[in-house]
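Spelled out from the first residue to the last, the chains are:
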Amino acid sequence: MTWIFTFFQSSIGKKILMATTGILLSLFLATHLLGNLMLFGGAEMFNNYVHSLANMKPVVRFAEVILTLLFLAHIISGIRVTLENKRAKSISYKISPGPETTKLHSRSMAISGSIVFIFLVFHLQTFWYSFQNMHSADADFYDVVINSKVGYNNPLIAGFYILALLLLALHLRHGFQSAFQTFGVGDSRYKSLIETVAVFFWLVIPLGFISIPVYFGFIK
Amino acid sequence: MTLNSKIPEGSVSQKWTNHKFGIKLVNPANKRKYDVIVVGTGLAGGAAAATMAELGYNVKAFSYHESPRRAHSIAAQGGINAAKNYPNDGDSIYRLFYDTVKGGDYRARESNVYRLAEVSNHIIDQCVAQGVPFAREYGGLLDNRSFGGAQVSRTFYARGQTGQQLLLGVYSSLVRQMNTGKVEFFPRHDMLDVVKVDGKARGIITRNLVTGEITSHSAHAVILATGGYGNVFYLSTNAMASNVTASWRAHKQGAYFANPCFTQIHPTCIPVSSDQQSKLTLMSESLRNDGRVWVPKKQGDDRNPKDISEDERDYYLERLYPSFGNLVPRDVASRRAKEMCDKGHGVGPTKLAVYLDFEDVMQRNGKDWVSEKYGNLFDMYKQITGENPYETPMKIYPAVHYTMGGLWVDYNLMSTVPGLHILGEANFSDHGANRLGASALMQGLADGYFIIPYTIGDYLARGGLQDINSSHEAFKTAEKNIQTNLEKMMAIKGTKTVDDIHKELGKIMWEYVGMARNKEGLNKALDLIPQLREEFWSNVSIPGGLNEFNPELEKASRLADFLELGELMARDALNREESCGGHFREEYQTSENEAKRNDNDFAYVAAWEFKGANNKPELHKEDLIFDEVGLTTRSYK
Amino acid sequence: MKITVQAWRQSSPTSAGEFVSYPVDNVSEDMSFFEMMDKLNNNLIRQGKDPISFDHDCREGICGTCGIMINGRAHGPLKGVTSCQLHMRSFKDGETLVVEPWRANSFPVIRDLVVDRSSFDRVMESGGYVSVNTGGVPDANATPILKNDVDLAFDAAACIGCGACVATCKNSSAMLFVGAKVTQYALLPQGQVERKNRVSNMVAQMDIEGFGNCTNTSACEVECPKEISVENIARLNREFLKASF
Ligand SMILES: Cc1cc2nc3c(=O)[nH]c(=O)nc-3n(C[C@H](O)[C@H](O)[C@H](O)COP(=O)(O)OP(=O)(O)OC[C@H]3O[C@@H](n4cnc5c(N)ncnc54)[C@H](O)[C@@H]3O)c2cc1C
Ligand code: HEM
Ligand code: SF4
Ligand code: FES
């Protein structure tokens, strides 16, 4: 078993861990978005959806544990990688290499990730946590999400969501294709395919999420 | 001391085989009892160090470079010769041997050249086994091309980076031995002296270029593979740090210096553009396959080349050499370019350049054809000069490129100091008075991989080596001398920089000991060089301290040796009253201005013995005997 | 032209450093960047000051010895060239050039702009070779190799070990350098026997040397004077995965 340990201690192993968790999290985002889009169907549709999830508690709990582990692995590994990388260049340049050599999104993974993380804590605390305490059969989840103090109809909250999701888009703009490079499929043969699929993950999904606060916070 | 070249008995093709059988061997278990020092990790030294470590010797390798992946060898573009005859065009070991002796204008030792041709094929096998990515054909087999001075395709190449790829191959086998601990590598260490005990080379003194520390290293034998000395001309195609110090210090310890005046001038280099110029860049000779060389007929004509009509142009190579035209050998092309410029036909701001024009071939075959074939060279030219050779003709001028001369060695590659062996460009080698393209890489690797590992065994097995280490008196004395010498240099604190004086030396050398030499000029050089040396020792300014990283001190210490070598070169050129290969004495030419060799009086290797700082060196002659190759006059008309 | 050079000055590996500005007059456009530096250094020596140390040798872009950060660009602003191949015509009259040494903890500064890149050699020692002794190898044409494979191997082998990839990388990662070497051998039949050990050992040594973790920013590819592609990094990852499982 030591080889597993050695593998994940190596620089490439750490990156493989980040990439695997990152891709799985992206897949989770896709399913999460499908659920959220039900908000557009109105209160009844959304409430039914959440109720049906509540009815398969064990499955959801299991998924939540896995998800938490994924996040933890991704974040811990991310922090570790970032700190090690800072240490590898302890003196920085007077004029740092800038946009001629790297794209903003690839330079700012730690920042975009961290802000997404702050958002995540807030997000869990407001929605996920409140949902846990709503046991009655006629609980109105829709109302919490849209109309409550922390709901989308509050432009400040909606704005914060939009900002976080833009950063998530930035994170995935680099992260999604980067993960494949990390897995070793960076040949020109696959590059265009990966980049096309990546658009769905970094652009379409975050836009999908963003459409909700935009609609409920500003348009409606 | 008479020179004993130790050429083995037998027919030329049997000599090496007989010799390998006849020499003494060190048994495998005993090899680890021997320490060998290798100075220089270019192709020759790196190959020797790795191979001897594989055999079991303890090797200490030194280089002033930061890593054995760097050395001047890396710059070679063209390729490496071997007598594989893969293209089936009639090549053979004998033909490679023949071409090399002839190309060297009959001033090389037949037996050595034959051996070189004989092992050339193994070199290619070895490099391929190491993973050197030589160019291949679609069928997956190795590709060859032809190169100057040969009528067969025998040159193996790796794009324009043959030297780089070969050196990386050498480096890979060297790091493998460094990993096992059989080779200890000392980066950024400058060898400053050879130490003898009982008259035998037993070690070296080095200066650690980072800390300035002077250290002794002892061994049972010493190998120098420290490259050529073209930088005595200041401007050359050599790497900036290439120098003669190791060879020169060995010379002062008793190693004879052979044919120092034999320098090769390459005709197609980018001309000097300012007095700040530090380095000349070679453009591959292949350009002469399609480019036409010309100058304006009118002296001092500085019109735009486009405005000079056909009948106002002098395509002088085509005019003088109707059958070879632009493809005459390096020495001829170079000399004629200089002659044109001397007569006032030179072009460009410095008037020291001739045109190399691709207009015709572009009209004939189209621009795409040209860019397919020469694109990277054109880009390189543009990068350096800022001019676009697709639109205006290139300007080229000859530049110092290679030194055929070097320390004298016998058949075993041992110098006149027992135990001191010389490999690669540093020895006087196999190229006579002129080296053919793609033969230097071959020689370096032949010496390092396939010759010295055998012949050094013979020396070691003969025994008689005292058990000593680097605390021996001889080392202490040598260390002290080095230290005093460096302190003396630092203390001058004059007004001229090292570069100032080096540039002046370069001017003298180029003017009087360059492409075309004559008695008067050589005597002038013999006058001027000692004066300049005097000036160096009284007026040079070296900043910084002794015990620190100090590139100016490195340069100064090298220049001090160049200032002595330059004089020996002039003396050798003066002594050689004939024209041969790269050595052209204006007094000795035919009525058609071609080189006139004098085989009756000068078919010898001139090996000079150092006789003390203020004494004239003594000339020793090794007569050259040509059993195989008949002496003929080259003609390119 | 008139140029101001703002250079990092550090007299020894352990001493503190600082930036110092020097004016250089009468710079011609045809001078190379290093010839401008030579001129500046000769001026400094004449004024009794210490010249600026920098590493260089071939001055034609092949030996990999030179490497300077110029205004935040490794080897200066041009694509596909080394510091020694830059000419002053690439800069504007009156421009200030901030010159810094490669910055990476695995490349400690020796003096001024000179750094110690021996970490690269140690990575190579750990596996950057085919274990063949001199002699006793098959004929060079015994094994045909697909031209395409050799060409790709060559693209990778073109690395000159200059360290610009590490220098420009915000993580000081050496993946492009290591990836290029691993690729060269992975594509050639000669490299097959030791393929797995080679990649494991080289990556392990790369980590020991303290190079950072690659985050695929691709800055290395932009600054590499030999234009080595990040596809070599992908291949390194793949080779490492294959060797690990
Ligand atoms: C631009 C150019 C292109 C060329 N192209 C070709 C070509 O296409 N084909 C061909 O066959 N030849 C070519 N040549 C010639 C060929 O490259 C060289 O002759 C050959 O590589 C010399 O190899 P070497 O091992 O003898 O020396 P080098 O490669 O010069 O190595 C010398 C070594 O000695 C070390 N050293 C020197 N002095 C000291 C000291 N005092 N202390 C410590 N270490 C020291 C150096 O650090 C270095 O490691 C070319 C040459 C030039 C200039
Ligand atoms: C929904 C949430 C997230 C998703 C889908 C996601 C996805 C990804 C992906 C696909 C990668 C690329 C891995 C690789 O290059 O191999 C990545 C990298 C990274 N992520 Fe996340 N991530 C998320 C949240 C976070 C959070 C909360 C952090 C907070 C610390 C974070 C920090 C990082 C870091 C530091 C990297 C490595 C930088 C890099 O490789 O360029 N991520 N992420
Ligand atoms: S990969 Fe490119 S940048 Fe990195 S060391 Fe090699 S040549 Fe230099
Ligand atoms: S000095 Fe050789 S690459 Fe720049």
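Remember, predicted model here, so these are calculated numbers, not experimental data.

Caption draft 1: Layout of the overall build of chain A. When helices and strands are counted, chain A shows nine helices and zero strands. The linear arrangement of helices and strands in chain A, starting from the amino end, is α-α-α-α-α-α-α-α-α. Across its three principal axes, chain A shows a C-alpha extent of roughly 55 × 45 × 35 Å. Long-range pairs, those at least 24 residues apart, make up 77% of the contacts in chain A between residues at least 6 apart in sequence. Carbon and sulfur atoms make up 73% of the accessible area of chain A, which totals about 11,900 Å². Positive and negative side-chain charges in chain A, numbering 16 and 9 respectively, have mean positions lying 15 Å apart.

Caption draft 2: Molecular detail of the nonpolar core. Of all hydrophobic cores here, the largest spans 210 residues; its most connected members are B:Ile80, B:Phe134, B:Leu224, B:Leu420, B:Leu445 and B:Leu460. Ranked by size, the runner-up nonpolar core spans 31 residues in total, among them B:Met283, B:Val295, B:Tyr390 and B:Tyr397.

Caption draft 3: Highlighting the site of ligand 2. Around ligand 2, the surrounding shell holds 25 residues, and the nearest of these are A:Ala19, A:His74, A:His171, A:Ser178 and A:Thr182. Bordering ligand 2 are residues originating from chains A and C. Take A:His174: an N or O atom from its side chain is 3.4 Å from an oxygen atom of ligand 2. One nitrogen or oxygen atom from the side chain of A:Thr182 is found 2.9 Å from an oxygen atom belonging to ligand 2. Contributing elements (two or more residues each) for the shell around ligand 2: helix H2 (11-36), helix H4 (57-88), helix H6 (109-132) and helix H8 (155-183) of chain A. When residues of the shell around ligand 2 are assigned to their parent elements, the largest contribution, eight residues, is made by H8(A). Its residues assigned to classes, the shell around ligand 2 shows eleven nonpolar, 13 polar and one charged.

Caption draft 4: Local environment of a nonpolar patch on the surface. All names here are of chain A. Taken together, Leu-34, Leu-37, Phe-40, Tyr-215, Phe-218 and Ile-219 make up a surface patch of nonpolar side chains, about 590 Å² in accessible area. With respect to the helices, strands and loops of the structure, Leu-37 is situated in the loop between H2 and helix H3 (43-55). Classification of Leu-37 as partly exposed rests on a relative accessible area of 33%.

Caption draft 5: A look at the coordination of the iron atom of ligand 2. Residue and element names in this part refer to chain A. Distances from the iron atom of ligand 2 to its protein donors, namely His-74 (NE2) and His-171 (NE2), fall within the range 2.0 Å. Relative to the metal, the six donor atoms surrounding the iron atom of ligand 2 lie at angles of 85 to 179°, and the coordination shape comes out octahedral. Taken as a pair, His-74 in helix H4 and His-171 in helix H8 lie far apart in primary sequence, 97 residues in all. Residue His-74 is classed as buried on the basis of its relative accessible area of 16%.

Caption draft 6: Main features of helix H3 (residues 43-55) of chain B. Residue and element names in this part refer to chain B. Given a rise of 1.5 Å per residue, 13 residues ought to cover 18 Å, and the 18 Å separating the end C-alpha atoms of H3 matches this to within 8%. The element H3 is largely enclosed, with a buried count of twelve among its 13 residues. Along its buried surface, H3 packs onto strand S1 (35-39), strand S2 (58-62), helix H6 (162-180), strand S6 (183-186), strand S10 (221-224) and helix H12 (440-461).

Caption draft 7: Seen up close, the interface of chain C and chain A. Facing 47 residues of chain C, the contacting portion of chain A comprises 38 residues. When the two sides are added together, the surface that chain C and chain A hide from each other amounts to roughly 3,400 Å², 55% of it contributed by carbon and sulfur. By the criterion of area lost to chain A, the three top residues of chain C are C:Arg103, C:Asn213 and C:Asn216, representing 18% of everything that side buries. In this structure, the connection of chain C to chain A is made through zero salt bridges. Across the contact surface, chain C and chain A share 26 residue pairs in polar contact (both at pLDDT 80 or more). Elements supplying a minimum of two residues to the side of chain C that touches chain A: strand S5 (96-100), helix H4 (164-168), helix H6 (195-208), helix H7 (219-223) and helix H8 (231-244) of chain C. A total of nine residues in the side of chain C that touches chain A trace back to one element, the largest contributor, which is H8(C). Partitioning the side of chain C that touches chain A into residue classes produces 23 nonpolar, 16 polar and eight charged.

Caption draft 8: The arrangement of the environment of C:Cys84 in detail. If you trace the backbone, C:Cys84 turns up in the loop between strand S4 (73-74) and S5. Placed 26 residues apart in sequence, C:Cys84 and C:Cys58 show a C-alpha to C-alpha distance of 8.3 Å.

Caption draft 9: Spatial organisation of the pattern of salt bridges. Enumeration over the complete set of coordinates arrives at 66 salt bridges over all chains. Ionic pairing is found between B:Arg107 and B:Glu578, a salt bridge with its closest N-O pair at 2.9 Å. Here B:Arg107, found in the loop between helix H4 (93-103) and helix H5 (110-130), pairs with B:Glu578, found in the loop between helix H16 (551-575) and helix H17 (599-602); they are 471 residues apart in sequence, far enough to count as distant. The pair B:Arg107 / B:Glu578 is uniform in exposure class, with both members buried. Across the salt bridge formed by C:Glu239 and C:Lys242, the nearest N and O atoms sit 3.9 Å from each other. Of this pair, C:Glu239 and C:Lys242 are both found in helix H8, three residues apart, which corresponds to roughly one turn of the helix. Judged by its relative accessible area of 5%, C:Glu239 falls in the buried class. Assessed through its relative accessible area of 44%, C:Lys242 is described here as partly exposed.

Caption draft 10: Main features of the domain arrangement of chain B. Residue and element names in this part refer to chain B. Partitioning chain B into domains gives domain 1 (266-401) and domain 2 (473-602). One C-alpha centre belongs to domain 1, the other to domain 2; they are set 30 Å apart. Contact with domain 1, which involves twelve residues of that partner, is made by ten residues of domain 2. Contact between domain 1 and domain 2 buries roughly 910 Å² in total, counting both sides, with carbon and sulfur atoms accounting for 56%. Looking at the side of domain 1 facing domain 2, the largest losses of area belong to Arg-335, Arg-336 and Lys-338, adding up to 53% of the total buried there. Linking domain 1 to domain 2 there are one salt bridge. Note that Arg-336 is salt-bridged to Glu-594, the shortest N-O span being 3.2 Å. One can count four residue pairs in polar contact (both at pLDDT 80 or more) joining domain 1 with domain 2. Elements that contribute at least two residues to the side of domain 1 that touches domain 2 include exactly helix H9 (330-342) and strand S16 (394-403).

Caption draft 11: Local environment of the arrangement of the chains. Counting contacts across all two pairs of chains found in contact, the highest total belongs to chains B and C. At their nearest point, the C-alpha atoms of chain A and chain B are still 21 Å apart, with no contact between the two.

Caption draft 12: Spatial organisation of the site of ligand 1. All names here are of chain B. Ligand 1 sits among 37 residues. The nearest are Ser-63, His-65, Ser-73, Met-191 and Glu-425. Here Leu-43 contributes a backbone N or O atom positioned 3.1 Å from an oxygen atom of ligand 1. In the environment of ligand 1, an oxygen atom lies 2.7 Å from a nitrogen or oxygen atom belonging to the side chain of His-65. Among the elements that take part in the shell around ligand 1, strand S7 (residues 189-197) stands out by supplying three residues, more than any other. Its residues placed into classes, the shell around ligand 1 shows 16 nonpolar, 18 polar and three charged.

Caption draft 13: Up close: the interface of chain B and chain C. Each partner contributes to the interface: chain B provides 73 residues, whereas chain C provides 72 residues. Across the chain B/chain C interface, buried area totals approximately 6,100 Å², and carbon plus sulfur atoms make up 50% of it. Seen at the junction of chain B and chain C, the total is seven salt bridges. B:Glu66 is paired through a salt bridge with C:Arg117; the nearest N and O atoms lie 2.7 Å apart. Our count for the contact surface shared by chain B and chain C stands at 49 residue pairs in polar contact (both at pLDDT 80 or more). Among the secondary structure elements, those contributing two or more residues to the side of chain B that touches chain C are H3, H5, H6, helix H11 (367-385), H12, helix H14 (498-512) and H16 of chain B. Ranked by residues supplied to the side of chain B that touches chain C, first place goes to H6(B) with nine residues. Partitioned by chemical class, the residues of the side of chain B that touches chain C number 29 nonpolar, 27 polar and 17 charged.

Caption draft 14: Here's a closer look at helix H5 (residues 175-187) of chain C. Taking 1.5 Å per residue as the helical rise, H5(C) with its 13 residues ought to reach 18 Å, and the 17 Å between its terminal C-alpha atoms agrees with that figure. Burial analysis of H5(C) places 13 of its 13 residues in the buried class, the great majority of the element.

Here is what the cut-offs are and how they apply
- Residues numbered from 1 in each chain as written.
- Chains lettered and ligands numbered in written order.
- Predicted model: local features only at pLDDT ≥ 70, side-chain atom pairs only at ≥ 80, totals over all residues.
- Heavy atoms only, no water.
- Helix = DSSP H or I, 4+ residues; strand = E, 2+ residues; numbered from the N terminus.
- Contact = heavy atoms within 4.5 Å.
- Areas by Shrake-Rupley, 256 points an atom, 1.4 Å probe, with all protein chains shown as cover.
- Lys, Arg positive; Asp, Glu negative; His and termini not counted.
- Charge placed at Lys NZ, Arg CZ, Asp CG, Glu CD.
- Core = buried A, V, L, I, M, F, W, Y, C linked by side-chain atoms within 4.5 Å.
- Buried < 20%, exposed > 50% of the residue type's maximum accessible area, 1.4 Å probe, protein only.
- Near = heavy atom within 4 Å.
- Polar contact = N/O pair within 3.5 Å; in protein donor to acceptor, adjacent residues only side chain to side chain.
- Nonpolar A, V, L, I, M, F, W, Y, C, P; charged D, E, K, R; others polar.
- Patch = residues over 30% accessible without salt bridge, like charges linked within 9 Å, V, L, I, M, F, W, Y side chains within 5 Å.
- Salt bridge = Lys/Arg side-chain N within 4 Å of Asp/Glu carboxyl O.
- Donors = N, O, S within 2.8 Å, 3.2 Å for Na, K, Ca; no water.
- Tetrahedral: all angles 85-135°; square planar, octahedral: opposite > 155°, others 65-115°.
- Expected span 1.5 Å × (residues − 1).
- Buried area = accessible area lost by both parts, 1.4 Å probe.
- Domains from an automatic or database assignment.

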